[in-house]
Amino acid sequence: MNSISSYLSSSIGRKWIVALTGLGLFGFVVGHLIGNLQVFLGPEPLNRYALFLQSLGELLWVIRLGLLAMVVAHIVFTIKLRMENRAARPVGYAVTNRRAATFPARMMTLSGLMVLCFIIFHLLHFTAHKIDPSFAHMTDAMGRHDVYRMLILGFQSKAASTFYIVAVGLLAMHLNHGIGSLFQTLGLNSAKLRPLWEKGGVALSWLIFLGYASIPVAVLTGVLKL
Ligand code: HEM
């Protein structure tokens, strides 16, 4: 028990927690995207999928609490690492390598905070239905929550769609750098492996951006309609 707590308070232990919680959240982002893309198959598969998620009952709450715990740990341990790094070099470097850091790397805190704000808005929008309360009462012919209708009506608002597209762009940027950091923490940064995960990270981030952004874009362009 003691060795676990001393590992968790070590810098390497904290790095592992940030990496593993990031990996868990990445898994959710991929799974959620695959679920959402069913909107292109029409109302029936999407509403059936949403009903299946709701039917998980207590298990759904376990998953939600697990996600919340990962988000909190990811943020708290990132802050702790940042504070430790600052304390370790209070004066700062005479010559910084800031220019060598890529744009996504310099944007990690900002993109992370923006994604957090987006998630809060998104939960109020499509889960708690606080932005448009009529979303809560939409049912299809089979009496299921009409998630398809809710998405189409939600994304017919240009402001909401633009916000989602910008937010998933920031999410993709955050993941792009996060994937690199993950492999570094796992020690997979040899000269051979590095180009592989760098290219893979860029490709995956683009896929995630294009996948999520395709939904509001399809609604705005009339490809998806009621
Ligand atoms: C175009 C992009 C997206 C669409 C269309 C979308 C759609 C949805 C819908 C319809 C729900 C409610 C499901 C229901 O109550 O039946 C939902 C919930 C949720 N979404 Fe998204 N989402 C998108 C992007 C994202 C992103 C990028 C994230 C995270 C970074 C995210 C995280 C969540 C979370 C955490 C929930 C709550 C799950 C729950 O507790 O049941 N979503 N989303």
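Note that the structure is predicted; figures quoted are calculated from it, not measured. (Residues numbered from 1 in each chain as written. Predicted model: local features only at pLDDT ≥ 70, side-chain atom pairs only at ≥ 80, totals over all residues. Heavy atoms only, no water.)

## Re the confidence of the model for the chain
It should be kept in mind that the predicted coordinates are not to be read in detail where pLDDT is low. To be explicit about the condition: By definition, pLDDT measures how confident the predictor is in each residue, and it falls between 0 and 100. Secondary structure is summarised from DSSP: a helix means a run of H or I of at least four residues, a strand means a run of E of at least two, and numbering begins at the N terminus for each. By the convention used here, residues are in contact when the closest approach between their heavy atoms is within 4.5 Å.
When pLDDT is averaged along the chain, the result is 91; 94% of the residues meet or exceed 70. Mean pLDDT values over the elements of the chain span from 73, in helix α1 (residues 2–8), up to 98, in helix α7 (residues 147–155). Counted against residues more than four places away or in other chains, residues 95–99, with its pLDDT under 50, gives 1 contact.

## What to know about the coordination of the iron atom of the ligand
Put simply, the test is: Coordinating donors are taken to be N, O and S atoms lying within 2.8 Å of the metal, or within 3.2 Å when the metal is Na, K or Ca; because water is excluded from the atom set, some sites may appear incomplete. The rule is simple: four donors are tetrahedral if all their angles sit between 85 and 135 degrees, four are square planar and six octahedral if opposite donors span more than 155 degrees and the others lie between 65 and 115, and anything that fits none of that is irregular. Exposure classes here rest on a 1.4 Å probe applied to the protein chains alone. A residue is buried below 20% of its type maximum, exposed above 50%, and partly exposed in between.
For the iron atom of the ligand, the full set of protein donor atoms is His 32 (NE2) and His 122 (NE2), and the range of their distances to it is 1.9 to 2.0 Å. Taken together, the 6 donor atoms surrounding the iron atom of the ligand define angles of 86 to 179° at the centre, an arrangement classified as octahedral. Taken as a pair, His 32 in helix α2 (residues 11–36) and His 122 in helix α6 (residues 108–127) lie far apart in primary sequence, 90 residues in all. The class for His 32 is partly exposed, based on a relative accessible area of 26%.

## Quick word on the site of the ligand
Definition in use: We call a residue near a molecule or strand when any one of its heavy atoms sits within 4 Å of it. Counted as a polar contact is a pair of N or O atoms within 3.5 Å, where, for protein atoms, one must be capable of donating a hydrogen and the other of accepting one, and residues adjacent in sequence contribute only when both atoms are in side chains. Three categories are distinguished: nonpolar for Ala, Val, Leu, Ile, Met, Phe, Trp, Tyr, Cys and Pro, charged for Asp, Glu, Lys and Arg, and polar for the others, with Gly belonging to the last.
Surveying the vicinity of the ligand reveals 20 residues, the closest of which are His 32, Asn 36, Arg 64, His 122 and Tyr 212. Between the ligand and Arg 64, the relevant distance is 2.5 Å, taken from an oxygen atom to a side-chain nitrogen or oxygen of the residue. Sorting the residues of the shell around the ligand by element identifies α2, α3 (43–55), α6, α7, α8 (158–185) and α9 (193–220) as the ones contributing at least two each. Sorting elements by how many residues they give to the shell around the ligand places α6 first, with 6 residues. Of the residues in the shell around the ligand, the class split is 14 nonpolar, 5 polar and 1 charged.

## Observations concerning the packing of aromatic side chains
Here is the rule: Side-chain rings of Phe, Tyr and Trp (the six-membered ring for Trp) are treated as a pair once their centres are within 6.5 Å; stacked means planes under 30 degrees apart, edge-to-face means over 60, and tilted covers the remaining angles. Geometrically, a lysine NZ or arginine CZ counts as sitting over a ring once it is within 6 Å of the ring centre and also within 35 degrees of the ring normal.
Tallied over the full model, the rule gives 10 aromatic pairs. Measuring from centroid to centroid gives 4.9 Å for Phe 155 and Tyr 164, while their planes differ by 85°, and the two rings are edge-to-face. Each member of the pair, Phe 155 as well as Tyr 164, is classed as buried. A ring pair is formed by Trp 206 and Phe 209, whose centres lie 6.0 Å apart and whose planes are at 80°; its orientation type is edge-to-face. Within this pair, Trp 206 and its partner Phe 209 are both found in helix α9, separated by 3 residues, close to a single helical turn. Ring pairing ties together the aromatic residues Phe 118, Phe 121, Phe 126, Phe 135, Phe 155, Phe 163 and Tyr 164, which thus form one cluster. One Lys or Arg, Arg 64, reaches over the ring of Trp 61 and ends 4.5 Å from the middle of that ring.

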